[in-house]
Amino acid sequence: MNTQQKSRQQLWGYLAAAGTVAIWTGFILISRMGGKTALTAYDVMALRLGTASLLLLPFLRGMPDRAWRDRRLWTLALLGGVAYCVLVYAGFKLAPAAHAAILLPGMQPFLVAGAAFLLHGERLTPARCWGLLVIAAGVACVAVPYLGGGWSPALLYGDLLIFAASIVWALYSVLVKRWHYGPWILTRFVTLGSALLYLPVYLLFLPKQLAAVPLSTLLLQGLYQGIGPTILAMLLFLKAVSILGPVRVGALIALVPVLAGVAAAPLLNEALTAWLLGGLVCVSLGALIAARPGRLPAAAAANSRL
């Protein structure tokens, strides 16, 4: 491969990574936007699974028959498709987007490391330890207003729901790595399997407020949630990793908390305090450091030589 072809391929890699960052940032903003409407969390989840399932149904024939009898795949669908969505959309009804930016993508390096240690006994590298310490400082910044009385039971409950969703997603991520399923099979099965588990329960038993919002809101939530994070982000992320490698892509993904938190102020009219901004920066910086295994921050490297 000549220099021009390599440069062009790298450009496509960075464009795919930028698309992933944009979709995941938009997921936080669009989900919070839906949470501020009359739609229930169950409605948003149904719109997501319904839209994604309709798009993936033409590819159902290529699914191996054994997949539908695989308990591990059903476990992944229950975790990554049902439990995660129920928790995260319920949390978005109560918690602001900046909090979600910290507790979802921001906390993943910390939670994935914990899940990997518990399930695999995987040890932390020094660089990841430093990254997790910086993430912890960011979470502490967000917690300061709670200590000063700037909280409500509803806000705390929303944060706990989103944090629980983040734990579920970390467990899902570690199990995906452990069980080695192909991304295309996983994308189809988690979506379609989740729809089979959830949509009948939603239609028969769960509260609905679809008629309480305009059609434009239903289209926005259904199309974005069903196409963006469910299908496109997965494909773009895998493309970026194949070209740039996981280290570079992980560093770029670390931008999501800051981008989502800052954008929420003008787009959703949410407050961006100094403590919250500091937390967003710390969490993003910590995620960036943790995504670069084997490297120490300059200050830590200098201290290690003393």
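See the structure above.
Because the structure is predicted, anything quoted here is derived from the model rather than measured.

## Digging into the nonpolar core
Here comes step 1: Grouped together as the largest cluster of nonpolar side chains are 69 residues, with contacts concentrated most on Ile28 and Tyr89.
Here comes step 2: Counting residues per element, this core draws most heavily on helix H3 (residues 71-92), which supplies ten residues.
Here comes step 3: Apart from residues no more than four positions distant in its own chain, Tyr89 is found in contact with Phe27, Ser31, Ala41, Val44, Met45, Arg48 and Gln225.

## Thoughts on the side chain of Arg48
Here comes step 1: For Arg48, the position within the fold is in helix H2 (residues 41-56).
Here comes step 2: Here Arg48 is buried and forms no salt bridge, its nearest opposite-charge partner Asp43 lying at an N-O distance of 14 Å.
Here comes step 3: Once residues within four sequence positions are removed from consideration, Arg48 is found in contact with Phe27, Cys85, Tyr89, Gln225, Gly226, Pro229 and Thr230.

## Quick look at a nonpolar patch on the surface
Here comes step 1: Together, Phe117, Leu118, Leu119 and Leu171 give the surface a local cluster of nonpolar side chains, amounting to about 370 Å² of exposed area.
Here comes step 2: The greatest single-element share of the nonpolar patch, amounting to three residues, is contributed by helix H5 (residues 108-120).
Here comes step 3: Structurally, the position occupied by Leu118 is in helix H5.
Here comes step 4: Residue classification places Leu118 among the exposed positions, given a relative accessible area of 71%.

## What about unusual backbone geometry?
Here comes step 1: The backbone of His180 sits at a positive phi, close to 60 degrees, despite the residue not being glycine.
Here comes step 2: Relative to the helices and strands, His180 is located in the loop between helix H7 (153-179) and helix H8 (183-205).
Here comes step 3: Owing to a relative accessible area of 67%, His180 belongs among the exposed residues under this scheme.
Here comes step 4: At Asn269, a position not held by glycine, the phi torsion is positive, near 60 degrees.
Here comes step 5: By the secondary structure assignment, Asn269 is in the loop between helix H11 (256-268) and helix H12 (274-290).
Here comes step 6: The class of Asn269 is exposed, set by a relative accessible area of 71%.

## What about the packing of aromatic side chains?
Here comes step 1: Summed over the entire model, instances satisfying the criterion amount to ten aromatic pairs.
Here comes step 2: Ring centres 5.7 Å apart and planes at 35 degrees place the aromatic pair Trp24 and Phe237 in the tilted group. Linking Trp24 in helix H1 (residues 3-35) with Phe237 in helix H9 (residues 215-244), this pair joins segments that are 213 residues apart in sequence.
Here comes step 3: Accessibility expressed as a relative area gives 28% for Phe237, which makes it partly exposed.
Here comes step 4: Pairing Phe27 with Tyr89 gives two aromatic rings, centres 6.3 Å apart and planes at 65 degrees, and the pair type is edge-to-face. A residue pair is termed long-range when its members are at least 10 positions apart, and Phe27 in helix H1 and Tyr89 in helix H3 qualify at 62 residues.
Here comes step 5: Among the aromatic side chains, those forming a connected cluster through ring pairs are Phe27, Tyr89 and Phe92.

Rules of the game
Residues numbered from 1 in each chain as written. Predicted model: local features only at pLDDT ≥ 70, side-chain atom pairs only at ≥ 80, totals over all residues. Heavy atoms only, no water. Core = buried A, V, L, I, M, F, W, Y, C linked by side-chain atoms within 4.5 Å. Buried < 20%, exposed > 50% of the residue type's maximum accessible area, 1.4 Å probe, protein only. Helix = DSSP H or I, 4+ residues; strand = E, 2+ residues; numbered from the N terminus. Contact = heavy atoms within 4.5 Å. Lys, Arg positive; Asp, Glu negative; His and termini not counted. Salt bridge = Lys/Arg side-chain N within 4 Å of Asp/Glu carboxyl O. Patch = residues over 30% accessible without salt bridge, like charges linked within 9 Å, V, L, I, M, F, W, Y side chains within 5 Å. Areas by Shrake-Rupley, 256 points an atom, 1.4 Å probe, with all protein chains shown as cover. Phe/Tyr/Trp six-rings, centres within 6.5 Å; stacked < 30°, edge-to-face > 60°.

Function-wise, these values are silent; they only describe arrangement.
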